[in-house]
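The lines below spell out each chain.
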Protein chains: 2
Amino acid sequence: MPDAAPTPLEALRARLAELDDLGRVGGLLGWDQQTMMPAGGGPARGEAMATLERIAHERATDPALGELLEQVDGDDPLVRVARRDYDRARRVPTELAGAMALAAADAQPAWLEAREKDDFAIFAPFLERNVELRRRYAECFPEADHPYDALLDRFEPDATVEEIRDVFGRLRAGLVPLIEEIAAAPAPPEPAGPFDVAAQRELALELARAIGYADDAWRIDDAVHPFASSVARTDIRVTTRFDADSLTGLFATMHEVGHGLYEHATDPALDRTTLGTGVSMGIHESQSRLWENCVGRSLVWWRHWYPRARELFPTALEAVSLEDFHRAINVVRPSLIRVEADEATYSLHVILRFDLEVALMEGTLAVADLPEAWNAKMKELLGVDVPDDRRGVLQDIHWAFGELGYFPTYSLGNIVAAQLWKAARAALGDLDDRLAAGDCAPLRDWLGEHVHRHGRALMPAEIIERATGGPLDPQPFLDYLEAKYRPLYRL
Amino acid sequence: MPDAAPTPLEALRARLAELDDLGRVGGLLGWDQQTMMPAGGGPARGEAMATLERIAHERATDPALGELLEQVDGDDPLVRVARRDYDRARRVPTELAGAMALAAADAQPAWLEAREKDDFAIFAPFLERNVELRRRYAECFPEADHPYDALLDRFEPDATVEEIRDVFGRLRAGLVPLIEEIAAAPAPPEPAGPFDVAAQRELALELARAIGYADDAWRIDDAVHPFASSVARTDIRVTTRFDADSLTGLFATMHEVGHGLYEHATDPALDRTTLGTGVSMGIHESQSRLWENCVGRSLVWWRHWYPRARELFPTALEAVSLEDFHRAINVVRPSLIRVEADEATYSLHVILRFDLEVALMEGTLAVADLPEAWNAKMKELLGVDVPDDRRGVLQDIHWAFGELGYFPTYSLGNIVAAQLWKAARAALGDLDDRLAAGDCAPLRDWLGEHVHRHGRALMPAEIIERATGGPLDPQPFLDYLEAKYRPLYRL
């Protein structure tokens with residue numbers, strides 16, 4: 001007797017499983033490209049990834065999927081999110097999606113050349129094209145209050161310009177005076193290297209294991225730009241990089257393991273659905289920043305790990321006390337480059353980009369005027385003079401990809417990390433003691449329960465509300481910075 | 001102005017490019033699974049690979065592809081091979097393809113258990129199901145003279161039982177008496193290890209580079225079962241394994257680099273078509289065996305490399321002369337296990353399997369009688385008594401996958417390698433001198449010109465005919481073995 005025909009829900013689940021598979025295969029291709037692929041494989045890899053994306057897009061927008069979504073009953077998270085994904089994917093004409101991909105591919109070499117020659121004019125027409133296409137993209141979502149909302153939604157579902165403007169306004173109001181005070185205070189001394197790279201690798205793996213890395217379900221490899229990728233819930237690939245001059249590789253590792261842990265601890269019931277992954281870039285970044293900064297740059301953490309660090313780097317650290325080490329890994333210094341910025345100044349780099357992106361989308365700022373606007377804002381927010389566009393408006397690759405709307409999620413990560421950190425500390429009375437004993441299990445379990453397991457089944461705002469009892473709020477992050485830096489800088 | 005609609009040939013090429021991409025992505029998933037994937041990734045990897053295969057099968061059998069194949073003019077290799085692939089894929093009902101995949105998946109754990117418990121009865125019903133499905137598969141190709149031809153064709157296009165029976169008959173007639181003579185002669189001493197694994201790795205890479213490996217387009221990694229995979233023409237992944245007790249890893253490396261070189265040296269004009277890969281398993285195996293055996297086990301090769309080997313393994317090799325080393329790497333010994341067999345006895349293991357597979361397909365041998373038939377044939381061909389099924393009928397995984405028709409290609413590889421070797425030696429007058437100087441370029445170029453560059457644009461028989469001036473012929477292989485072993489064994 002043949003099997004009964006699948007129900008609409010079974011058919012829907014099979015289609016979503018396939019979409020999830022395709023996305024993860026694409027992720028593996030990207031991971032391999034950054035870690036394993038010989039250089040000669042590059043062009044063919046680009047073609048293979050484009051083919052996979054085209055097939056995935058075809059299937060994500062297949063009218064037969066739409067019919068199934070009408071046939072299934074109910075409004076459980078699987079169906080709700082699938083309907084949302086389908087609707088958003090269908091809104092964007094294939095021709096526009098193709099033009100966006102093409103414009104991004106064209107813009108990247110122009111951006112590289114512009115940066116190399118420190119000549120924004122080379123990049124400007126390509127950026128104009130990218131911005132124009134993003135405006136057309138935004139027009140596909142006419143119900144939004146602001147054209148930038150459609151861009152935000154790709155990375156942070158349901159986020160709006162209105163909310164982020166408010167949150168970033170409060171964040172900026174708190175950050176600017178604190179950073180001014182810190183900048184006026186004497187900077188702590190920083191230990192000089194070299195820090196043996198093999199020893200850093202060893203310590204990084206020990207830290208990763210303490211956080212939740214396990215050999216049977218993770219890998220760690222080197223990559224020029226560290227990232228984390230979830231090939232499957234039990235196949236997490238983190239990457240990192242080490243540099244003998246500093247210990248930044250340890251923090252990069254904790255950051256990426258934080259991302260990996262989120263993916264690893266989603267509910268197994270969500271495997272091979274489109275729910276079994278992080279819900280937004282902002283919530284994802286909250287997980288990486290929490291482990292990198294709230295845990296990794298805390299005094300209690302190093303109470304446990306500093307003896308081991310000294311064992312591994314005896315020469316560099318022998319004359320450095322735990323307290324001085326803690327001060328050194330928390331230096332605040334207004335600077336030009338976002339990716340090198342510290343925990344406190346970082347958000348000002350993001351606020352600058354957010355303001356400029358919104359102005360570009362609103363049409364109140366022309367691409368040609370971007371360098372001037374950039375430099376003025378750097379002066380205003382960070383008190384820094386920008387010597388050239390290479391270290392200014394041309395520093396990030398995101399706009400060459402046409403990716404407007406991504407930057408804000410970095411700061412949302414800092415904000416949400418501090419909210420979760422505050423809630424976890426309140427819930428787990430002895431969190432400091434446990435971390436000082438090297439025990440991450442209580443924090444890991446709390447995050448698993450309140451954030452990780454939900455995957456995409458809860459929206460970002462729901463996760464924040466349920467975990468912290470309130471909405472997105474920059475105050476805990478500001479309180480956290482005040483509480484950390486005032487004693488460190490003796491303000 | 002919009003672009004003109006693609007011509008049927010352009011549309012066909014786009015579809016074939018996509019099929020090629022999907023196949024290579026599947027290859028990368030397999031490579032990663034064997035080399036990089038943490039154990040936990042296994043189940044999800046199986047699902048992802050099945051999804052990719054399903055999508056590739058859908059697209060390979062899409063009626064729209066059939067229409068394009070009717071619309072395009074001409075009979076150039078691209079169109080001819082695409083028509084052949086489409087026709088063969090369409091002949092097999094999706095339901096049967098699914099049943100074959102399922103039966104193979106079910107049979108593998110049964111085979112593992114049967115092997116572990118040395119109990120063929122555990123595996124027998126699963127093998128029966130596999131054989132039954134292969135019979136149904138063969139029925140999809142009623143024009144074939146023999147049902148086994150349809151199975152052969154999957155690995156060796158246009159090969160037939162009739163031709164292989166003839167060739168294997170002549171091969172067996174020459175091999176059996178030679179091996180009997182060798183077995184009666186005293187065996188040469190073999191150098192005892194240990195051979196430092198790091199030093200083996202170093203030498204293996206040097207040998208690989210001499211053959212044609214280059215860092216910008218290849219990788220080499222460890223795998224339990226060595227294999228080669230072409231992620232792209234300029235992204236060749238070979239794998240190997242080392243064992244401190246012997247130098248077999250060097251030969252495994254040369255073998256896999258031979259496979260890799262074939263894929264690497266296909267004509268770049270065939271990139272992203274379905275022609276840019278090896279034409280058959282037999283021709284592929286000829287490339288691996290040629291480098292492993294004809295080159296790698298020759299005296300001239302080691303004239304160049306033995307001093308380096310002695311430098312790397314001073315203790316193990318200090319008392320071993322070049323001539324004794326050459327004898328040691330060419331020991332012939334009838335034995336139980338195919339994958340451990342030497343160059344001379346190997347083909348008898350294959351002939352045994354071919355005879356049994358054909359009898360299974362013809363229905364003249366029942367699965368239940370397979371162990372007895374196996375043991376009788378081992379005695380007849382190799383003079384060996386089989387002590388248990390684990391070291392007999394249960395030793396190979398192929399039948400658990402349902403793969404009947406694959407084994408013959410291993411021997412075709414030996415035969416074709418010797419034919420090509422003879423032709424190359426005649427064409428390149430000073431080949432021995434060049435190899436003795438460590439220079440593989442003339443041989444590599446000759447193989448590139450006569451075999452590699454064609455990819456699938458020529459059929460196996462055409463490649464053999466054009467390169468050697470005649471059809472598939474076991475005589476050069478027999479001559480090669482006679483010329484090598486008579487002096488070595490002083491017969």
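Coordinates for the structure precede this section.
Residues numbered from 1 in each chain as written. Chains lettered and ligands numbered in written order. Predicted model: local features only at pLDDT ≥ 70, side-chain atom pairs only at ≥ 80, totals over all residues. Heavy atoms only, no water.

S.K.: I'm lost on the relation of the copies chain B and chain A in this one. Help?
M.R.: For the pair of chain copies, the relating operation is a rotation around an axis with a shift along it. Mapping chain B onto chain A calls for a rotation angle of 180° and an axial translation of 0.1 Å; the resulting RMSD is 0.1 Å. Expressed as a symmetry operation, the mapping of one chain copy onto the other fits a two-fold axis. Of the residues that chain B buries at the interface, 100% are likewise interface residues in chain A, meaning the two copies contact each other through the same surface. (Least-squares fit on C-alpha atoms with pLDDT ≥ 70 in both. Contact = heavy atoms within 4.5 Å.)

S.K.: Would you take a moment to explain the sheet that holds strand E1 (residues 218–222) of chain A for this structure?
M.R.: Strands pair in a sheet through their backbones, by hydrogen bonds, and they do so in one of two ways: parallel or antiparallel. All names here are of chain A. Pairing in this open sheet of three strands is mixed, and the strands run E1-E3-E2 from one edge to the other. Edge strands, defined here as strands with exactly one partner in the open sheet, are E1 and strand E2 (228–232). Each adjacent strand pair in this sheet contributes to an overall mean axis angle of 20°, direction not counted. Across four bridges, E2 lies against strand E3 (residues 235–240) in antiparallel orientation. Paired with Ala-228 across the two strands is Val-238, which belongs to E3. On top of the sheet, helix H1 (residues 8–35) reaches E1, E2 and E3; it is set at about 135° to E2, its chief contact. (Pairing = 2+ DSSP bridges. Helix = DSSP H or I, 4+ residues; strand = E, 2+ residues; numbered from the N terminus. Axes fitted to C-alpha atoms, helices over the stretch in contact; angles between N-to-C directions.)

S.K.: Would you explain the packing of aromatic side chains in this entry?
M.R.: We describe a pair of aromatic rings using the distance from one ring centre to the other and the angle between the two ring planes. Residue and element names in this part refer to chain A. With the rule as written, the count across this model stands at 36 aromatic pairs over all chains. With a centroid separation of 5.5 Å and an interplanar angle of 45°, the aromatic rings of Tyr-213 and Trp-218 are classed as tilted. Neither Tyr-213 nor Trp-218 differs from the other in exposure class; each is buried. Centre to centre, the rings of Phe-251 and Trp-302 are 6.2 Å apart; their planes meet at 55°, and the pair counts as tilted. Of the two residues, Phe-251 is situated in helix H10 (residues 248–264) and Trp-302 in helix H12 (residues 299–312); the sequence distance between them amounts to 51 residues. We note that Phe-251, like Trp-302, is buried. Through a chain of ring-to-ring contacts, three or more aromatic side chains come together here, namely Phe-155, Tyr-346, Trp-374, Trp-399, Tyr-406, Phe-407 and Tyr-410. It is Arg-88 that lies over the ring of Phe-141; its NZ or CZ is 4.1 Å from the centre. (Phe/Tyr/Trp six-rings, centres within 6.5 Å; stacked < 30°, edge-to-face > 60°. Buried < 20%, exposed > 50% of the residue type's maximum accessible area, 1.4 Å probe, protein only. Lys NZ or Arg CZ within 6 Å of the ring centre and 35° of its normal.)

S.K.: Explain the side chain of Glu-357 of chain B here, please?
M.R.: Residues and elements named next belong to chain B. Mapping Glu-357 onto the fold places it in helix H15 (residues 346–362). In this structure Glu-357 is buried but unpaired, with Arg-353 as the nearest side chain of opposite charge at 7.3 Å. Within polar-contact distance, the side chain of Glu-357 engages the side chain of Trp-399 at 2.7 Å. Excluding its chain neighbours within four sequence positions, the residues that come into contact with Glu-357 are Tyr-148, Trp-399, Glu-403, Leu-404, Gly-405, Phe-407 and Pro-408. (Lys, Arg positive; Asp, Glu negative; His and termini not counted. Salt bridge = Lys/Arg side-chain N within 4 Å of Asp/Glu carboxyl O. Polar contact = N/O pair within 3.5 Å; in protein donor to acceptor, adjacent residues only side chain to side chain.)

S.K.: How should the pattern of salt bridges be read in this particular structure?
M.R.: Charged atoms that come close allow side chains of opposite charge to pair. Inspection of the entire model under this criterion finds 97 salt bridges over all chains. The partner of Glu-58 of chain A in a salt bridge is Arg-59 of chain B, with the nearest N and O atoms 3.1 Å apart. Here Glu-58 of chain A is found in helix H2 (residues 42–60), whereas its partner Arg-59 of chain B is found in helix H2 (residues 42–60) on a different chain. We classify Glu-58 of chain A as partly exposed; its relative accessible area is 39%. Given the relative accessible area of 13%, Arg-59 of chain B is considered buried. When salt bridges with common partners are traced through the structure, they connect Glu-18 and Arg-59 of chain A together with Arg-54 and Glu-58 of chain B into a single cluster.

S.K.: What exactly am I supposed to notice about the packing of helix H6 (residues 120–139) of chain B against helix H7 (residues 147–155) of chain B here?
M.R.: The angle between the axes and the distance between the axes are what describe a pair of packed helices. All names here are of chain B. Where H6 meets H7, the closest approach of the two axes is 8 Å, and the angle between their N-to-C directions is 90°. With respect to H7, the axis of H6 lies roughly perpendicular. The residues of H7 that touch H6, namely those facing Arg-134, Tyr-137 and Ala-138, are Pro-147, Ala-150, Leu-151 and Arg-154. By residue class, the composition of the contact of H6 with H7 is five nonpolar, no polar and two charged. (Parallel < 35°, antiparallel > 145°, perpendicular 65-115°, else oblique. Nonpolar A, V, L, I, M, F, W, Y, C, P; charged D, E, K, R; others polar.)

S.K.: Sorry, what's going on with the sheet that holds strand E1 (residues 218–222) of chain B here?
M.R.: Residues and elements named next belong to chain B. Here we have three strands laid out as an open sheet, ordered E1-E3-E2, and mixed in their pairing. The open sheet terminates on both sides in strands that have one partner only, identified here as E1 and strand E2 (228–232). With strand direction ignored, the average angle separating the axes of adjacent strands in the sheet is 20°.

S.K.: Got a minute to help me understand the interface of chain B and chain A in this structure?
M.R.: Interface size is commonly expressed as the accessible area that is lost once the parts come together. With 35 residues of chain B at the interface, the matching set in chain A holds 36 residues. In total, chain B and chain A occlude about 2600 Å² of area from one another, counting both sides; carbon and sulfur atoms represent 59% of this. Its largest share of buried area at the contact with chain A, chain B owes to Val-25, Met-36 and Pro-38 of chain B, together 17% of the area lost on that side. For the pair chain B and chain A, the number of links is 10 salt bridges. The salt bridge involving Arg-54 of chain B is made with Glu-18 of chain A; its shortest N-O contact spans 3.5 Å. Ranked by residues supplied to the side of chain B that touches chain A, first place goes to H2 of chain B with 10 residues. Its residues assigned to classes, the side of chain B that touches chain A shows 17 nonpolar, four polar and 14 charged. (Buried area = accessible area lost by both parts, 1.4 Å probe.)

S.K.: Explain the packing of helix H17 (residues 407–427) of chain A against helix H19 (residues 441–450) of chain A to me, please; I cannot follow it from the model alone.
M.R.: All names here are of chain A. With their axes 11 Å apart at the nearest point, H17 and H19 run at an angle of 120° to one another. H19 is crossed by H17, and the crossing has right-handed handedness. Between H17, through Leu-420, Trp-421, Ala-423, Ala-424 and Ala-427, and H19, the contact on the second element is made entirely by Leu-443, Trp-446 and Leu-447. Partitioning the contact of H17 with H19 into residue classes produces eight nonpolar, no polar and no charged. (Left-handed = near helix turned anticlockwise from the far one by under 90°.)

S.K.: I'm lost on H15 of chain B in this one. Help?
M.R.: Within an α-helix, residues lying three or four positions from one another point in the same direction, as the helix has 3.6 residues per turn. Residue and element names in this part refer to chain B. Over its 17 residues, H15 extends 25 Å from the first C-alpha to the last, a length consistent with the 24 Å expected when each residue adds 1.5 Å. Summarising burial for H15: 15 of the 17 residues are buried, a large majority. After H15 finishes, the residue Gly-363 shows a positive phi value of roughly 80°. (Expected span 1.5 Å × (residues − 1).)

S.K.: How should the environment of Ala-144 of chain B be read in this particular structure?
M.R.: Residues and elements named next belong to chain B. Positionally, Ala-144 belongs in the loop between H6 and H7. Relative accessible area serves as the criterion here: at 29%, Ala-144 is assigned to the partly exposed category. For the pair Ala-144 and Arg-327, spaced 183 residues apart in the sequence, the C-alpha separation amounts to 45 Å.

S.K.: What's the story with the nonpolar core in this structure? I'm lost.
M.R.: Nonpolar side chains tend to gather and get buried jointly when the protein is soluble and globular. Within the largest apolar cluster, 141 residues are counted, with the highest numbers of intra-cluster contacts made by Phe-123, Phe-168, Trp-301, Trp-302, Phe-313 and Trp-399 of chain B. Not counting chain neighbours up to four residues away, the residues in contact with Phe-313 of chain B comprise Phe-195, Asp-196, Ala-199, Gln-200, Leu-203 and Leu-247 of chain B. Formed by 140 residues, the second largest nonpolar core is a distinct cluster that contains Ala-217, Ile-236, Ala-418 and Leu-447 of chain A. (Core = buried A, V, L, I, M, F, W, Y, C linked by side-chain atoms within 4.5 Å.)

S.K.: What am I meant to see in helix H3 (residues 63–71) of chain A here?
M.R.: Residues and elements named next belong to chain A. Here H3 has its buried residues at Leu-65, Gly-66, Leu-68 and Leu-69. Down the axis of H3, the sector holding all buried residues measures 160°, keeping them to one side. Contacts from the buried residues of H3 go to H1, H2 and helix H4 (77–91). Its side-chain oxygen 2.9 Å from the backbone nitrogen of Ala-64, Asp-62 forms the N-cap of H3. (Arc of directions from axis to C-beta.)

S.K.: How do you make sense of the pairing of E3 of chain A when you look at a structure like this?
M.R.: The two faces of a sheet get side chains in turn, since along a regular strand they alternate between them. Burial within E3 of chain A is extensive, with six of its six residues counted as buried. In this structure, the hairpin formed by E2 of chain A and E3 of chain A is closed by a connection of two residues.

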